[in-house]
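Examination of the molecular architecture
Each chain, written out:
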Amino acid sequence: MMKPQSPCHRCFQRQAVEAARRAGLDADALTTLQGELEIELKDAEVQGISPPLTASHLHQRVRELSGNPDPYLAAKREATEHALALYPHLQQLIADSAQPLQTALRLAIAGNIIDLGVAAEYDLEASIERVLRITPAIDHSARLLQALASSNTLLYLADNAGETVMDRLLIETLHAHFELEVTYVVKSGPTVNDATGEDAREAGLEGCSTITDNGAAAMGTLRELCSDTFHQRFDAAPLIIAKGMANYESLVGSRAGLFFLLQTKCSVVAEHLGVVERSIILLEDAPA
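Residues numbered from 1 in each chain as written. Predicted model: local features only at pLDDT ≥ 70, side-chain atom pairs only at ≥ 80, totals over all residues. Heavy atoms only, no water.

The N-to-C vectors of helix α4 (residues 73–96) and helix α6 (residues 124–133) enclose an angle of 25 degrees; their axes lie 12 Å apart at closest approach. Taken together, α4 and α6 sit at an angle that is classed as roughly parallel. Viewed along their axes, α4 and α6 form a crossing whose handedness is right-handed. Contact with α4, carried on its side by His82, Ala83, Leu86, Leu90 and Leu93, involves Leu124, Glu125, Ile128 and Leu132 of α6 and no other residues of that element. Its residues assigned to classes, the contact of α4 with α6 comprises 7 nonpolar, 1 polar and 1 charged. (Axes fitted to C-alpha atoms, helices over the stretch in contact; angles between N-to-C directions. Helix = DSSP H or I, 4+ residues; strand = E, 2+ residues; numbered from the N terminus. Parallel < 35°, antiparallel > 145°, perpendicular 65-115°, else oblique. Left-handed = near helix turned anticlockwise from the far one by under 90°. Contact = heavy atoms within 4.5 Å. Nonpolar A, V, L, I, M, F, W, Y, C, P; charged D, E, K, R; others polar.)

Okay, here's the thing in C-alpha coordinates:
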(Lines give C-alpha, C1' and ligand atoms only; values in the text may rest on other atoms or scores of the structure.)
Protein backbone atom coordinates (compact mmCIF):
# COMPACT_ATOMS: atom_id res chain seq x y z
CA MET A 1 0.00 0.00 0.00
CA MET A 2 1.32 3.42 -0.95
CA LYS A 3 1.73 6.30 1.50
CA PRO A 4 0.71 9.94 0.89
CA GLN A 5 3.18 12.37 -0.69
CA SER A 6 3.16 16.18 -0.80
CA PRO A 7 1.87 16.35 -4.42
CA CYS A 8 -1.20 14.44 -3.22
CA HIS A 9 -2.25 17.53 -1.27
CA ARG A 10 -2.63 19.62 -4.41
CA CYS A 11 -4.58 16.83 -6.07
CA PHE A 12 -6.98 16.53 -3.14
CA GLN A 13 -7.51 20.28 -3.04
CA ARG A 14 -8.35 20.25 -6.75
CA GLN A 15 -10.65 17.28 -6.26
CA ALA A 16 -12.48 19.10 -3.45
CA VAL A 17 -13.26 22.08 -5.68
CA GLU A 18 -14.29 19.94 -8.64
CA ALA A 19 -16.45 17.56 -6.58
CA ALA A 20 -18.10 20.50 -4.81
CA ARG A 21 -18.95 22.03 -8.18
CA ARG A 22 -20.49 18.82 -9.46
CA ALA A 23 -22.47 18.32 -6.26
CA GLY A 24 -23.74 21.91 -6.20
CA LEU A 25 -22.14 22.92 -2.89
CA ASP A 26 -22.25 26.61 -2.04
CA ALA A 27 -19.21 28.66 -1.01
CA ASP A 28 -19.76 28.11 2.73
CA ALA A 29 -20.00 24.35 2.31
CA LEU A 30 -16.86 24.34 0.17
CA THR A 31 -15.00 26.28 2.87
CA THR A 32 -16.13 23.70 5.44
CA LEU A 33 -15.00 20.87 3.16
CA GLN A 34 -11.59 22.43 2.56
CA GLY A 35 -11.05 22.99 6.28
CA GLU A 36 -11.88 19.37 7.05
CA LEU A 37 -9.60 18.25 4.23
CA GLU A 38 -6.62 20.15 5.65
CA ILE A 39 -7.07 18.39 8.99
CA GLU A 40 -7.40 15.00 7.29
CA LEU A 41 -4.29 15.55 5.19
CA LYS A 42 -2.22 16.33 8.28
CA ASP A 43 -3.54 13.19 9.98
CA ALA A 44 -2.84 11.15 6.85
CA GLU A 45 0.82 12.15 6.88
CA VAL A 46 1.23 11.28 10.55
CA GLN A 47 -0.64 7.99 10.33
CA GLY A 48 0.54 6.96 6.85
CA ILE A 49 -3.02 6.72 5.51
CA SER A 50 -3.17 5.70 1.85
CA PRO A 51 -4.26 8.29 -0.75
CA PRO A 52 -7.33 6.25 -1.82
CA LEU A 53 -8.67 6.29 1.76
CA THR A 54 -8.19 10.04 2.08
CA ALA A 55 -9.87 10.57 -1.30
CA SER A 56 -12.75 8.30 -0.30
CA HIS A 57 -13.33 10.30 2.88
CA LEU A 58 -13.25 13.53 0.86
CA HIS A 59 -15.91 12.38 -1.58
CA GLN A 60 -18.03 10.90 1.18
CA ARG A 61 -18.11 14.34 2.83
CA VAL A 62 -19.10 15.91 -0.49
CA ARG A 63 -22.07 13.55 -0.68
CA GLU A 64 -23.01 14.25 2.94
CA LEU A 65 -22.71 18.03 2.70
CA SER A 66 -24.63 18.23 -0.58
CA GLY A 67 -27.25 15.57 0.09
CA ASN A 68 -26.44 14.30 -3.40
CA PRO A 69 -25.82 10.52 -3.24
CA ASP A 70 -24.03 10.37 -6.61
CA PRO A 71 -22.65 13.70 -7.90
CA TYR A 72 -20.93 11.95 -10.80
CA LEU A 73 -23.98 9.99 -11.99
CA ALA A 74 -24.52 11.98 -15.20
CA ALA A 75 -20.81 11.89 -16.01
CA LYS A 76 -20.70 8.11 -15.51
CA ARG A 77 -23.66 7.53 -17.81
CA GLU A 78 -22.17 9.83 -20.44
CA ALA A 79 -18.83 7.98 -20.27
CA THR A 80 -20.54 4.61 -20.65
CA GLU A 81 -22.65 5.76 -23.58
CA HIS A 82 -19.57 7.23 -25.26
CA ALA A 83 -17.57 4.02 -24.84
CA LEU A 84 -20.49 1.87 -26.01
CA ALA A 85 -20.69 3.95 -29.19
CA LEU A 86 -17.07 2.97 -29.84
CA TYR A 87 -17.64 -0.68 -28.93
CA PRO A 88 -18.30 -2.06 -32.48
CA HIS A 89 -15.19 -0.35 -33.84
CA LEU A 90 -13.01 -1.55 -30.96
CA GLN A 91 -14.42 -5.06 -31.25
CA GLN A 92 -13.41 -5.05 -34.93
CA LEU A 93 -9.92 -3.79 -34.03
CA ILE A 94 -9.48 -6.83 -31.83
CA ALA A 95 -10.92 -9.20 -34.45
CA ASP A 96 -8.56 -7.81 -37.12
CA SER A 97 -5.49 -7.86 -34.86
CA ALA A 98 -2.68 -10.35 -35.35
CA GLN A 99 -2.46 -10.39 -31.53
CA PRO A 100 -6.04 -10.02 -30.30
CA LEU A 101 -5.24 -10.66 -26.64
CA GLN A 102 -2.53 -8.00 -26.63
CA THR A 103 -4.82 -5.53 -28.38
CA ALA A 104 -7.64 -6.20 -25.90
CA LEU A 105 -5.23 -5.67 -23.01
CA ARG A 106 -4.08 -2.37 -24.53
CA LEU A 107 -7.68 -1.20 -24.98
CA ALA A 108 -8.48 -2.05 -21.37
CA ILE A 109 -5.53 0.12 -20.31
CA ALA A 110 -6.60 2.89 -22.70
CA GLY A 111 -9.96 3.02 -20.95
CA ASN A 112 -8.20 3.86 -17.69
CA ILE A 113 -8.01 7.48 -18.89
CA ILE A 114 -11.65 7.88 -17.77
CA ASP A 115 -10.67 9.01 -14.28
CA LEU A 116 -12.50 12.07 -12.97
CA GLY A 117 -10.61 11.91 -9.69
CA VAL A 118 -7.43 12.82 -11.59
CA ALA A 119 -8.77 15.23 -14.22
CA ALA A 120 -12.11 16.83 -14.98
CA GLU A 121 -11.77 16.05 -18.69
CA TYR A 122 -10.28 13.29 -20.83
CA ASP A 123 -10.02 12.31 -24.48
CA LEU A 124 -10.87 8.62 -24.85
CA GLU A 125 -10.20 8.40 -28.59
CA ALA A 126 -6.78 10.02 -28.17
CA SER A 127 -6.00 7.63 -25.32
CA ILE A 128 -6.92 4.63 -27.47
CA GLU A 129 -4.75 5.84 -30.35
CA ARG A 130 -1.79 6.58 -28.07
CA VAL A 131 -1.95 3.35 -26.06
CA LEU A 132 -2.14 1.20 -29.19
CA ARG A 133 0.94 3.00 -30.54
CA ILE A 134 3.39 3.31 -27.64
CA THR A 135 5.49 0.68 -25.88
CA PRO A 136 4.44 -0.15 -22.30
CA ALA A 137 6.87 1.06 -19.66
CA ILE A 138 6.29 -2.20 -17.79
CA ASP A 139 4.93 -5.17 -19.72
CA HIS A 140 4.28 -8.43 -17.90
CA SER A 141 1.56 -9.44 -20.37
CA ALA A 142 3.34 -12.71 -21.23
CA ARG A 143 3.23 -13.68 -17.56
CA LEU A 144 -0.46 -12.76 -17.37
CA LEU A 145 -1.35 -14.79 -20.45
CA GLN A 146 0.56 -17.77 -19.05
CA ALA A 147 -1.33 -17.43 -15.76
CA LEU A 148 -4.65 -17.22 -17.62
CA ALA A 149 -3.83 -20.42 -19.52
CA SER A 150 -3.42 -22.31 -16.25
CA SER A 151 -6.39 -20.86 -14.35
CA ASN A 152 -10.11 -21.47 -14.75
CA THR A 153 -11.24 -18.43 -12.74
CA LEU A 154 -10.41 -14.74 -12.77
CA LEU A 155 -11.26 -12.04 -10.24
CA TYR A 156 -11.39 -8.72 -12.08
CA LEU A 157 -11.33 -5.54 -9.94
CA ALA A 158 -13.00 -2.72 -11.87
CA ASP A 159 -12.12 0.95 -11.80
CA ASN A 160 -14.23 3.58 -13.58
CA ALA A 161 -17.58 3.70 -15.37
CA GLY A 162 -17.05 3.90 -19.13
CA GLU A 163 -13.76 2.07 -18.70
CA THR A 164 -16.09 -0.84 -17.97
CA VAL A 165 -16.83 -1.14 -21.70
CA MET A 166 -13.13 -1.76 -22.41
CA ASP A 167 -13.08 -4.29 -19.57
CA ARG A 168 -15.99 -6.03 -21.27
CA LEU A 169 -14.02 -6.21 -24.53
CA LEU A 170 -11.05 -7.72 -22.71
CA ILE A 171 -13.17 -10.27 -20.85
CA GLU A 172 -14.99 -11.28 -24.04
CA THR A 173 -11.62 -11.74 -25.76
CA LEU A 174 -10.35 -13.82 -22.85
CA HIS A 175 -13.42 -16.06 -23.14
CA ALA A 176 -12.59 -16.63 -26.80
CA HIS A 177 -9.15 -17.99 -25.87
CA PHE A 178 -9.50 -19.53 -22.40
CA GLU A 179 -11.97 -21.62 -20.42
CA LEU A 180 -12.53 -19.02 -17.74
CA GLU A 181 -15.14 -17.95 -15.19
CA VAL A 182 -14.84 -14.22 -14.52
CA THR A 183 -16.11 -12.39 -11.45
CA TYR A 184 -16.26 -8.64 -12.01
CA VAL A 185 -15.93 -6.64 -8.79
CA VAL A 186 -17.35 -3.11 -8.51
CA LYS A 187 -17.98 -0.70 -5.62
CA SER A 188 -21.01 -1.15 -3.36
CA GLY A 189 -21.98 2.52 -3.75
CA PRO A 190 -20.98 5.72 -5.54
CA THR A 191 -17.54 7.25 -5.09
CA VAL A 192 -16.35 9.70 -7.78
CA ASN A 193 -16.87 7.95 -11.14
CA ASP A 194 -15.91 4.47 -9.93
CA ALA A 195 -18.11 1.72 -11.33
CA THR A 196 -21.06 0.35 -9.35
CA GLY A 197 -23.21 -2.63 -10.25
CA GLU A 198 -25.57 -0.41 -12.24
CA ASP A 199 -22.65 1.02 -14.22
CA ALA A 200 -21.32 -2.47 -14.99
CA ARG A 201 -24.72 -3.69 -16.16
CA GLU A 202 -25.14 -0.63 -18.40
CA ALA A 203 -21.80 -1.49 -20.01
CA GLY A 204 -22.94 -5.06 -20.74
CA LEU A 205 -20.75 -6.92 -18.23
CA GLU A 206 -23.60 -9.26 -17.23
CA GLY A 207 -23.20 -11.08 -20.52
CA CYS A 208 -19.57 -12.08 -19.91
CA SER A 209 -19.05 -12.11 -16.13
CA THR A 210 -20.65 -12.43 -12.72
CA ILE A 211 -20.98 -8.94 -11.26
CA THR A 212 -20.46 -8.49 -7.54
CA ASP A 213 -19.23 -5.72 -5.23
CA ASN A 214 -16.48 -5.48 -2.65
CA GLY A 215 -18.73 -4.15 0.10
CA ALA A 216 -17.17 -0.67 0.13
CA ALA A 217 -18.10 2.65 -1.44
CA ALA A 218 -14.46 3.71 -1.54
CA MET A 219 -11.73 4.27 -4.11
CA GLY A 220 -9.32 1.46 -4.86
CA THR A 221 -9.62 -1.74 -2.85
CA LEU A 222 -9.29 -0.81 0.81
CA ARG A 223 -9.26 -4.16 2.57
CA GLU A 224 -10.20 -2.61 5.92
CA LEU A 225 -13.51 -1.42 4.43
CA CYS A 226 -14.37 -4.42 2.27
CA SER A 227 -16.85 -7.15 3.17
CA ASP A 228 -15.95 -10.57 4.55
CA THR A 229 -17.31 -12.10 1.36
CA PHE A 230 -14.91 -10.05 -0.72
CA HIS A 231 -12.00 -10.92 1.57
CA GLN A 232 -12.72 -14.61 1.02
CA ARG A 233 -12.91 -14.15 -2.76
CA PHE A 234 -9.73 -12.08 -2.87
CA ASP A 235 -7.71 -14.47 -0.74
CA ALA A 236 -8.93 -17.58 -2.56
CA ALA A 237 -8.64 -16.28 -6.14
CA PRO A 238 -5.78 -17.90 -8.06
CA LEU A 239 -5.62 -14.93 -10.45
CA ILE A 240 -6.63 -11.27 -10.13
CA ILE A 241 -6.59 -8.32 -12.52
CA ALA A 242 -6.83 -4.92 -10.80
CA LYS A 243 -7.52 -1.83 -12.89
CA GLY A 244 -6.32 1.69 -12.25
CA MET A 245 -4.09 3.75 -9.99
CA ALA A 246 -6.21 3.56 -6.83
CA ASN A 247 -6.17 -0.23 -6.93
CA TYR A 248 -2.40 -0.08 -7.40
CA GLU A 249 -2.02 2.37 -4.52
CA SER A 250 -4.13 0.26 -2.17
CA LEU A 251 -2.99 -3.24 -3.15
CA VAL A 252 0.61 -3.10 -4.35
CA GLY A 253 2.78 -5.66 -2.59
CA SER A 254 -0.20 -7.56 -1.24
CA ARG A 255 -0.16 -11.01 -2.88
CA ALA A 256 0.98 -13.28 -5.68
CA GLY A 257 -1.23 -13.86 -8.71
CA LEU A 258 -2.20 -10.18 -8.91
CA PHE A 259 -1.73 -8.09 -12.07
CA PHE A 260 -2.20 -4.33 -12.35
CA LEU A 261 -3.40 -2.64 -15.56
CA LEU A 262 -3.20 1.16 -15.51
CA GLN A 263 -1.96 4.43 -16.90
CA THR A 264 0.27 6.56 -14.69
CA LYS A 265 -1.73 9.78 -14.53
CA CYS A 266 0.12 11.40 -11.65
CA SER A 267 3.76 11.95 -10.66
CA VAL A 268 3.46 10.11 -7.34
CA VAL A 269 2.34 6.80 -8.86
CA ALA A 270 4.78 7.19 -11.77
CA GLU A 271 7.68 7.74 -9.39
CA HIS A 272 6.65 4.77 -7.25
CA LEU A 273 6.73 2.58 -10.36
CA GLY A 274 9.98 4.12 -11.63
CA VAL A 275 8.43 5.35 -14.87
CA VAL A 276 7.40 8.67 -16.40
CA GLU A 277 3.89 10.09 -16.25
CA ARG A 278 1.43 8.89 -18.92
CA SER A 279 3.13 5.49 -19.10
CA ILE A 280 1.07 2.37 -19.68
CA ILE A 281 1.62 -0.44 -17.20
CA LEU A 282 0.87 -4.14 -17.10
CA LEU A 283 2.57 -5.26 -13.91
CA GLU A 284 2.67 -8.49 -11.95
CA ASP A 285 2.62 -7.71 -8.24
CA ALA A 286 5.70 -8.54 -6.19
CA PRO A 287 4.60 -9.29 -2.61
CA ALA A 288 6.96 -8.22 0.16
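Here the focus is empty space enclosed by the protein. Summed over all chains, the structure comprises 1 cavity of 30 Å³ or more. In this structure, the largest cavity occupies an estimated 50 Å³ of space. Every residue lining the largest cavity is listed: Ala19, His59, Val62, Arg63, Asp70, Pro71, Tyr72, Pro190, Thr191 and Val192. Per-element tally for the lining of the largest cavity: the top contributor is helix α3 (residues 51–66), with 3 residues. (1 Å grid on protein atoms, 1.4 Å probe; cavity = no way out; pocket = protein on both sides within 12 Å on 5 of 7 lines; lining within 4 Å. Points joined across faces, edges and corners; volume = space filled by probe spheres on them.)

A separate point is the side chain of Thr191. With respect to the element layout, Thr191 can be found in the loop between β3 (181–186) and α9 (197–202). For Thr191, a relative accessible area of 0% puts it in the buried group. For Thr191, the contacting residues outside a window of four places in its chain are His59, Arg63, Ala217, Ala218 and Met219. (Buried < 20%, exposed > 50% of the residue type's maximum accessible area, 1.4 Å probe, protein only.)

By secondary structure assignment, the location of Gln34 is in helix α2 (residues 27–47). Here Gln34 falls in the partly exposed class, since its relative accessible area comes to 33%. Distance from Gln34 to Leu58, taken between C-alpha atoms, is 9.2 Å for residues 24 residues apart in sequence.

Put simply, the largest pocket is a space of about 370 Å³. If you trace the largest pocket, you find 23 residues lining it, with Cys11, Val118, Met245, Glu249 and Cys266 closest to the centre. Sorting the residues of the lining of the largest pocket by element identifies α1 (6–23), α3, α11 (245–251) and α12 (267–273) as the ones contributing at least two each. Top contributing element to the lining of the largest pocket by residue count: α1, with 6 residues. Its residues assigned to classes, the lining of the largest pocket comprises 13 nonpolar, 4 polar and 6 charged. The computed volume of the second largest pocket comes to approximately 240 Å³. What lines the second largest pocket is a set of 15 residues, among which Ile113, Arg130, Gln263, Lys265 and Arg278 lie closest to the centre. Element by element, the count of residues in the lining of the second largest pocket is highest for α6, at 3 residues. Within the lining of the second largest pocket, the residues separate by chemical class into 5 nonpolar, 3 polar and 7 charged.

The next point concerns the sheet that holds β3. Taken in spatial order, the 7 strands of this open sheet run β1-β7-β6-β5-β2-β3-β4, and their pairing is mixed. Every interior strand has two partners, whereas the edge strands, β1 (138–139) and β4 (210–213), have only one. In this structure, strand β5 (residues 240–243) lies alongside strand β6 (residues 258–263), joined through 4 bridges in parallel fashion. Residue pairing for β6: Ile241 is matched across the bridge by Phe259. (Pairing = 2+ DSSP bridges.)

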